Amino acid sequence: MSEQANPTQAQIADLSYRGYDGPLQSHALRWWTITRYSLRQATRKKGYVGILLMAALPYLLQAFFLYIGSQVGVGQGGGQASLSFPDRFNSAYSSSLLWLFLMTLMVGAGSIAADNRANALQVYLAKPITKLDYLVGKWMSIAIAVGATSLLPAVALFIFCWGMYAQEGFLRDNSTLFFRMVGACLLPAVLHSSIMLGVSSTNKNPRVAGAAYAGIYFILAAVVQVAGQIVPGDNQELASTVRHLSPGGLLEGLGKHIYQASDNLFPGMRGMSGMFEQAKPELWPMVAAALVLIALGLLVARSRIHAVEVVKG
Amino acid sequence: MAVASVSNLYVRYGRKTVISDLTLDIPEGCCGLLGPNGAGKTTLLKSLLGFLKPSGGQSKVLNLDVATQGPLIRQRLGVMPEIDCHIPGMNAVSFVAYAGELAGMPGSQALRRAHEVLEYCGLGEARYRNVETYSTGMKQRIKLAQALVHGPKLLFLDEPTNGLDPSGREEMLTLVREVSHGKGLNVVVCSHLLPDIERTCDSVIVLQGGQVKVQGDIGTLRNSLGSHVDVELREHSPGFLDTLKARGARVVSSQGPRYRVAFGEEPKSLARELFSAAETSGAQLRGFRPARRTLEDVFLEVLE
C-alpha cells in the first residue's frame, strides 16, 4: 500500500538535515543586506520617531511662519516673514543640527561597537563579505538614517513653498535651491556617519562610543570657540573660520555657504542690520577640515575591522 | 579527493612563526584536527578562511585558491567559531536568516531555511527569543545553525562542545555526526577533546608545533603503532618489564601489576613471548589480552 493510500504510516515532517541547492546571489550588493538589517534595527529603537519629529520641527515652524505671513500679509508675520527662502532653509537646517547629532548617536554609536562586543565580525567575515562591504553597509545605514531625518522635512518645506509661492515665481527665483538643499542636508549624513563609524569601531560598548563622540563634538566646539577668540590681529574672517572648525561648526558654516545665506545671525530682524553681523567663515579651510575628519573616521574604522585579533610581538 | 589542502604554508604572528612549512591534505568526510594548545589548529582554520594572511605557501579550499577566491570559498563554507558570537539585538530566526542573506540567499529562502535549520538544531521552541538571552548550550547550537543555513559543502567546527554540559555535549556530537555522514557535507572538527573527535570523525590529523605529526583513518591509526597487549601479573615485577624491554617490547603504561605493552612487530606467538619473559624474571602471569586502544592513546604516543 502506498503512503498516500495509508496516511497514518506517512512521514509528516522530515526534520533531518537537508542541504540547500537554491540560488545564491552575486557578491555585488552584499553591503545592502547589512544596511537594510542595520536600518531596521535602528528604526525600532525607542526615541527614533521623537528625534525625527524634533529635527522636522524647525522646518515646520518655517512653514508656519510662511503660512501666517501669507494670511496677514507679508511683513506682518513677525520678522521671519521677510526672510529670503535660502535664509529660511538655512535657519531651519541650522536649528535641526543638534537633533541630527542625537540621531547619529542613537543610530551609529552601536553600529560597530555592539558588533565588537558580540564578536559579530567573526560571523560577518566568515560569510562572503569583505571588509569594504561591511564598512559600506554600516556607513550607509547611519548616513541613510541621518540623511533622511535631515532631508525629508526640507523636501516637505520645499514642496510647501512651491505650492504657496508658485505663482510668485518661487522656482524661477530659486532655481538652484532644491539642489543646494539636497547638498546641505546630505552633508551631516556624510560627516556624522564617517566620524561616528570611526569612533564606534574603537569601542566595545555602544554607550562609551556615544559618549566619546559627544565628547569630540562638544569639546572640540568649545576649543575652537576659545581658539577663535585668541586669533591674533583683527582678521574677523580667520577668527570666524577657526570658530567653525568643529564637526557642528563645519556643518553650520558649510551649510551657510551652500545655501548662500546672509551673514546676519538673525536675518530678517529689520532695523537691526549690522548689529548681529558675523563674518562668514572661509569655505576651503572648512572643506579641507571636513574631508580630513571624514577620511580619518573611515580610515580608523577600516583599520579596526578584523575577524580575529592578531597579537603581534 | 581533498576538500582543503595547504602546501609549504608559513603563518607568523609578528616575529613568532606559528606554522612553518606545513603541507597537508584534509580528506573528504569528517576529519578531526587534533593537537595540544598552540599546535596551530585554529591558526590553520583561520588561514584557510582568509582571516590571516600567510607569509608564504599556498592554500586551497574546495579546489579554490584562498588568496584570490576568498568570497567564493566562504560562500561554500560554514564556520562555527570557537568563541561566543552573534549579531546583537536579534532573535534566533532573524539572526540565522540574516546569516543566510549574507551568504547570498534570497530573503524569502533564507527565512524559510532559518526555521528549518533552527528546528533541526533543537532551537525550534526558542526561535523568537533574543539570542543574547540564550544559555551557553543554545548559543553553541545557534552558531551551528548560522553555519548550516546556506547549505555549505564544507563545515569548520572549532571546539563545538566548548562549555556544554554532558547531555548538551552528547546532543551536539550527535548533530555533528548526523550532518557529516550521508548528507553530502564535509566537516572539519577542531578540538582538543579526543573522545569528541573519536565519536564524530572518520579521519584525524594531529598537529604539533605547526607540523603534521600523524594523519590518517582513526581505525588504521589505532593499529598502526604496533600491537598492544594488556598484561596482568600477580604482583609488580620490574624484572618482567626489563626482560620484555630487552626483547624489543615497549611498556606504554603501568598501573600496579597491570601493564600495557607494545610490540614493535607482532611476535610469532604472543603467549609464548609473555610466558617466557615471566619464567625468566620469576613473575606470575595472571592474564593477558589484546589492548583496545583509544585515540587518546594514539595521540599521547604520537606526541611522546
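Just above sits the structure.
This structure is a prediction, so every number in the text was calculated from the model and none was measured.

*Asks:* I'm lost on the overall build of chain B in this one. Help?
*Replies:* A tally of regular secondary structure across chain B gives 11 helices and 14 strands. Counting only C-alpha atoms and orienting by the principal axes, one finds that chain B spans roughly 75 × 45 × 35 Å. Burial status across chain B gives 44% buried among its 304 residues.

*Asks:* Teacher, can you tell me more about the overall build of chain A here?
*Replies:* For chain A, the helix and strand inventory stands at 12 helices and 0 strands. The linear arrangement of helices and strands in chain A, starting from the amino end, is α-α-α-α-α-α-α-α-α-α-α-α. Within chain A, the proportion of its 313 residues that are buried is 42%. Sequence separation of 24 or more characterises 82% of the internal contacts of chain A that already satisfy a separation of 6 or more.

*Asks:* Can you walk me through the nonpolar core in this structure?
*Replies:* Across soluble globular proteins, nonpolar side chains have a tendency to be buried as a group. Core analysis: the biggest nonpolar cluster contains 150 residues, and Val96, Ala145 and Val189 of chain B have the highest contact counts within it. In terms of residues, this core owes the most to one element, helix H6 (residues 131-165) of chain A, which gives 12 residues. In this structure Ala145 of chain B touches Val96, Val117, Leu118, Cys121 and Leu123 of chain B, once residues within four positions along its chain are discounted. Formed by 15 residues, the second largest nonpolar core is a distinct cluster that contains Leu233, Phe240, Leu241 and Ala283 of chain B.

*Asks:* Please explain the sheet that holds strand S10 (residues 211-217) of chain B as it appears in this structure.
*Replies:* Backbone hydrogen bonds are what pair the strands of a sheet, in a parallel or an antiparallel way. All names here are of chain B. An order of S6-S7-S8-S3-S9-S10 is seen for the 6 strands of this open sheet, with the pairing classed as mixed. Each edge of the open sheet carries a strand with a single partner, namely strand S6 (77-80) and S10. Strand-to-strand twist of the sheet, defined as the mean angle between neighbouring strand axes without regard to direction, takes the value 15 degrees. As defined by bridge partners, strand S3 (residues 30-34) adjoins strand S9 (residues 203-208) across 4 bridges and the pair is classed as parallel. The partner of Leu33 across the bridge, within S9, is Ile205. Its contacts with the sheet place helix H11 (residues 295-303) against S3, S9 and S10, and it is angled at close to 30 degrees to S9.

*Asks:* Hey, could you run me through the packing of helix H9 (residues 206-229) of chain A against helix H10 (residues 236-243) of chain A in this one?
*Replies:* Helix packing for two helices is described by the angle between their axes and how far apart those axes are. Residue and element names in this part refer to chain A. One can describe the packing of H9 onto H10 by two numbers: an axis separation of 7 Å at closest approach and a directional angle of 165 degrees. As far as their axial angle goes, H10 and H9 are roughly antiparallel. In terms of crossing hand, the pair formed by H9 and H10 is right-handed. Contacts between H9 and H10 involve Val224, Gln225, Ala227 and Gly228 from the first element and Ala239, Val242 and Arg243 from the second. Residues of the contact of H9 with H10, tallied by class, amount to 4 nonpolar, 2 polar and 1 charged.

*Asks:* I'm lost on unusual backbone geometry in this one. Help?
*Replies:* Note: most peptide bonds trans; most residues except glycine with negative phi. Residue and element names in this part refer to chain B. Not every positive phi belongs to a glycine, and Asp21 is a case in point at roughly 50 degrees. One can find Asp21 in strand S2 (residues 16-27). The exposure class of Asp21 is partly exposed, given the 13 C-beta atoms found within 10 Å. Not every positive phi belongs to a glycine, and Asn63 is a case in point at roughly 65 degrees.

*Asks:* Please clarify how helix H11 (residues 247-259) of chain A should be interpreted in this entry.
*Replies:* One turn of an α-helix holds 3.6 residues; hence residues three or four places apart share an orientation. Residues and elements named next belong to chain A. Taking 1.5 Å of rise per residue, the 13 residues of H11 would be expected to cover 18 Å, and the 18 Å separating its terminal C-alpha atoms lies within 8% of that figure. Counting buried positions along H11 gives 11 out of 13 residues, so the element sits mostly inside the fold. Where H11 is buried, its residues meet helix H3 (85-108), helix H8 (177-201), H9, H10 and helix H12 (283-304). Gln260 lies just past H11 and shows a positive phi near 55 degrees.

*Asks:* Looking at this model, I keep getting lost on the sheet that holds strand S11 (residues 227-233) of chain B. Mind explaining?
*Replies:* All names here are of chain B. An order of S12-S13-S11-S14 is seen for the 4 strands of this open sheet, with the pairing classed as antiparallel. Pairing within the sheet leaves two strands with one partner each, and these edge strands are strand S12 (249-255) and strand S14 (285-290). Taken pair by pair, the neighbouring strands of this sheet meet at an average axis angle of 25 degrees, ignoring direction. As paired elements, S11 and strand S13 (residues 258-263) share 6 bridges and run antiparallel to each other. Each bridged residue has a counterpart across the sheet, and for Glu232 the counterpart in S13 is Arg258.

*Asks:* Would you mind showing me how to read the pairing of S6 of chain B here?
*Replies:* The two faces of a sheet get side chains in turn, since along a regular strand they alternate between them. All names here are of chain B. Across the two faces of S6 the burial is the same, with Leu77 and Val79 and Gly78 and Met80 all buried. As defined by bridge partners, S6 adjoins strand S7 (residues 154-158) across 4 bridges and the pair is classed as parallel. Pairing of Met80 across the sheet is with Leu157, part of S7.

*Asks:* Help me understand H8 of chain A, please; the structure alone is not making it clear to me.
*Replies:* When the terminal C-alpha atoms of H8 of chain A are compared, their 36 Å separation across 25 residues agrees well with the 36 Å that a helix rising 1.5 Å per residue should span. Within H8 of chain A, 18 of the 25 residues are buried, which leaves the element mostly enclosed by the surrounding structure.

*Asks:* So what exactly am I meant to see when it comes to the environment of Arg304 of chain A here?
*Replies:* All names here are of chain A. With respect to the element layout, Arg304 can be found in helix H12. Counting along the chain gives 104 residues from Arg304 to Ser200, while the straight-line C-alpha distance between them is 9.8 Å. Apart from residues lying up to four places away in sequence, Arg304 is in contact with Ser201 and Thr202.

*Asks:* Can you walk me through the pairing of S9 of chain B in this structure?
*Replies:* Relative to S10 of chain B, S9 of chain B is paired through 6 bridges, and the arrangement is antiparallel. Directly across from Leu207 of chain B, in S10 of chain B, lies its bridge partner Val212 of chain B.

*Asks:* Explain the interface of chain B and chain A to me, please; I cannot follow it from the model alone.
*Replies:* Interface size is commonly expressed as the accessible area that is lost once the parts come together. At the interface, 38 residues of chain B touch 35 residues of chain A. Within the side of chain B that touches chain A, the residues separate by chemical class into 20 nonpolar, 10 polar and 8 charged.

Criteria and cut-off values
Residues numbered from 1 in each chain as written. Chains lettered and ligands numbered in written order. Predicted model: local features only at pLDDT ≥ 70, side-chain atom pairs only at ≥ 80, totals over all residues. Helix = DSSP H or I, 4+ residues; strand = E, 2+ residues; numbered from the N terminus. Buried ≥ 20, exposed ≤ 12 C-beta atoms within 10 Å, placed from the backbone. Contact = placed C-beta atoms within 7 Å. Core = buried A, V, L, I, M, F, W, Y, C linked by C-beta atoms within 7 Å. Pairing = 2+ DSSP bridges. Axes fitted to C-alpha atoms, helices over the stretch in contact; angles between N-to-C directions. Parallel < 35°, antiparallel > 145°, perpendicular 65-115°, else oblique. Left-handed = near helix turned anticlockwise from the far one by under 90°. Nonpolar A, V, L, I, M, F, W, Y, C, P; charged D, E, K, R; others polar. Expected span 1.5 Å × (residues − 1).

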